[in-house]
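Here is what each chain is made of, one letter per residue.
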Amino acid sequence: MAPPVCRLHCLLKRAQKLLLCLGIAYLMAGSVLLLQRSAVRIAQPNLPPSLSLVAPPTTLRMAGLGVRARSRWAAVQPAESKAGRHWPASQNLAVHRLHRRWFHSLLPESPEQRATVRGRSGRQKGTYMGCFLHNASERALGGTMLYDLRKMTSSLCQDTCSESGYQFAGLEYGAECHCGNRICSPRVPEEDCSLVCRSERGSPCGGVGRLSIYKVEEQLPGHRRLRNVHRRGCFELPRSTISTFPIHSLQSNLTAQACVETCTDKELPLAVFKEPRCFCTWMSSLFSLNRQSDNQWCAGNRTGASTSVESTGNNHFQVYHTPVLDSRCKERMFLPQRSNSLVALSSFPGAGNTWVRHLIELVTGYYTGSFYFDGTLYNRGFKGEKDYWKSGRSICVKTHESGQKEIEMFDSAILLIRNPYRSLVAEFNRKCAGHLGHATAAQWKSKEWPEFVSSYAPWWASHALSWLKFGRRLLVVHYEELQRSLLPQLRLITAFLNVTMTEERLLCAQSNQDGHFKRSGAQRPSFDPFTPDMKQTIDSFIHTVDQALQSRNFSRIPQEYLPR
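Model, not experiment: these values are computed from the prediction. (Residues numbered from 1 in each chain as written. Predicted model: local features only at pLDDT ≥ 70, side-chain atom pairs only at ≥ 80, totals over all residues. Heavy atoms only, no water.)

### Describing the nonpolar core
Nonpolar side chains in soluble globular proteins generally cluster together in the buried interior.
Line of reasoning, step 1. Counting 43 residues, the largest nonpolar core has L424, W449 and W460 as its most contacted members.
Line of reasoning, step 2. Secondary-structure elements contributing two or more residues to this core are β18 (412-417), α9 (420-433), α11 (448-470), β19 (474-478) and α15 (532-551).
Line of reasoning, step 3. In this structure W449 touches L424, F428, Q443, W444, P529, F530 and M534, once residues within four positions along its chain are discounted.
Line of reasoning, step 4. Formed by 41 residues, the second largest nonpolar core is a distinct cluster that contains V272, F287, L345 and Y479. (Core = buried A, V, L, I, M, F, W, Y, C linked by side-chain atoms within 4.5 Å. Buried < 20%, exposed > 50% of the residue type's maximum accessible area, 1.4 Å probe, protein only. Helix = DSSP H or I, 4+ residues; strand = E, 2+ residues; numbered from the N terminus. Contact = heavy atoms within 4.5 Å.)

### Focus: unusual backbone geometry
Line of reasoning, step 1. For the bond from E275 to P276, the omega torsion is 5°, close enough to zero to count as cis.
Line of reasoning, step 2. Its location among the elements puts P276 in the loop between β12 (270-274) and β13 (277-281).
Line of reasoning, step 3. Despite not being glycine, N253 has its phi angle at roughly 55°, a positive value.
Line of reasoning, step 4. Relative to the assigned elements, N253 resides in the loop between β11 (247-250) and α5 (256-265).
Line of reasoning, step 5. A positive phi angle, near 65°, is found at N553, a position not held by glycine.

### Details of the confidence of the model for the protein chain
Line of reasoning, step 1. Taken over all residues, the pLDDT of the protein chain has a mean of 75, while the share at 70 or more is 72%.
Line of reasoning, step 2. Confidence drops under pLDDT 50 across residues 36-123; counting only partners more than four residues distant or on other chains, this segment forms 147 contacts.
Line of reasoning, step 3. Across residues 301-313, where pLDDT falls below 50, the model places 36 contacts with residues more than four positions away in sequence or in other chains. (pLDDT = per-residue confidence, 0-100.)

### Re a nonpolar patch on the surface
Line of reasoning, step 1. A cluster of nonpolar residues, L8, L11 and L12, forms a patch on the protein surface that exposes about 310 Å² of accessible area.
Line of reasoning, step 2. Since its relative accessible area comes to 52%, L12 is described here as exposed. (Patch = residues over 30% accessible without salt bridge, like charges linked within 9 Å, V, L, I, M, F, W, Y side chains within 5 Å. Areas by Shrake-Rupley, 256 points an atom, 1.4 Å probe, with all protein chains shown as cover. Salt bridge = Lys/Arg side-chain N within 4 Å of Asp/Glu carboxyl O.)

### A look at the packing of helix α6 (residues 353-364) against helix α13 (residues 486-496)
Line of reasoning, step 1. Direction vectors running N to C along α6 and α13 enclose 75°, while the axes themselves pass 11 Å from each other. Classified by the interaxial angle, the pair formed by α6 and α13 is roughly perpendicular. Of the residues in α13, those in contact with L359, I360, V363 and T364 of α6 are L486, L490, I493 and T494.
Line of reasoning, step 2. Residues of the contact of α6 with α13, tallied by class, amount to six nonpolar, two polar and no charged. (Axes fitted to C-alpha atoms, helices over the stretch in contact; angles between N-to-C directions. Parallel < 35°, antiparallel > 145°, perpendicular 65-115°, else oblique. Nonpolar A, V, L, I, M, F, W, Y, C, P; charged D, E, K, R; others polar.)

### Side note on the sheet that holds β11
Line of reasoning, step 1. The antiparallel open sheet is built from five strands, whose spatial order is β10-β14-β12-β13-β11. At either end of the open sheet lies a strand with only one pairing partner, and these are β10 (230-236) and β11. The sheet shows a mean angle of 20° between the axes of neighbouring strands, taken without regard to direction.
Line of reasoning, step 2. Alignment of β11 against β13, held across four bridges, turns out to be antiparallel. Looking at the pairing, I247 lines up with C280 of β13.
Line of reasoning, step 3. The sheet strands contacting α5 are β12, β13 and β14 (316-321), and the helix crosses β12 at an angle near 145°. (Pairing = 2+ DSSP bridges.)

Structural data, given as structure tokens:
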């Protein structure tokens, strides 16, 4: 009897160990599942919003954001994903929606993140109008658009639309903002607008092909602060011509700002003003630059003037661009045929590369690509960021690289050069506070600033010198010249890119030249952050680059860099 009892005893001990192992495995699996489900509820107050995203899919490789590491400063920015594959372009609306759904599935979401119509927050400004249809055939709002897939809120969308002169703000896919002055599609059930804004819980933020529309807070006429209002010039327009304009307003004490506001409300891109008359119309060849009259014929009118002025010309009118973006300006696409020639848009960081990309996309209608993947720029509408930089589908490719191997990978390049003093300040702002933020006074006075200058100032010179030496076919563009002479410089750029530029596209670039990607000039340091030793070093680099440009028969650096 002893052997059977021993075997039974051993069997029971093994079963006990097996049950113990199974219990431990069960508890571990339950803990992992619990952590996974509660991860989105864990607050991360010390991390920037961009770090709260889940990891990208396995088809994406991890890489540094923006420029490659040249000093310890290059490691300050959080790591982003560099696309190893790109989404195929498609004109099919269903496929387009699948792409959007796939991208948003990468973001964490919990049950309470679903918007409930009954539990809307009372903190919202403006008035919620409801959920409306918004697809290719029936667009609820036809104004401008703003992307921000990480930080979109209903307040941000309403502020943007208000500053652009619109009365309604609509949110779609939890991340896209649309503006307009008229709702042009039918209302749909509130359940269709079940997504929430990524940075604002409890607020409806549209759905797939659906807009959650708010009426923005109204401002008194003449007190609205409109962005992207530009004076087109003085034009002679006969009565037979102005009689065909769709909108005509006649009132006493009419001002230029009131006329711009009227045309903005009517969603028309041009305001034609001559007190006491205001006309609104679309962009056309009537307002081409070669038809401009001398400003003395329209003396007295000022953009945004708050007092009434009279035009001295008989049939001459002041013409202004309103914030309304012409529908033709919003159409952007990848190149219809892949290009075998790679064109670089190369610059030192902080030299205005993002702004120039915005202008190139406006004036050509084609997306620009990037040697890197900057999620912030992709989220703000630069769709070429996610496309593989060698795909040949972008009109040009952003790069900050300055090595011979990287330069020789491109067949031609636009070399963008900016005053190093301003470039260093812009890049330091970006590293400290993002693309549109500003460094604090404490950061300017910290030890990081002199370390940053000692590392990046030599790079400003070596970047330009390397491209001048190894670049195969170059167009040198000075940032300051582009600011002063926007249209002539854009003509040079489009000719270099071998793109036929239409007058309408040129008007698009001029009327929306700032966009939503240019840092405000406010909040600059109240003191000069550059020490005498820094200035001496930077000035020597400026002379070196200037001499290299001159030796290659390129335009020399602008005189304001430093006195020659």
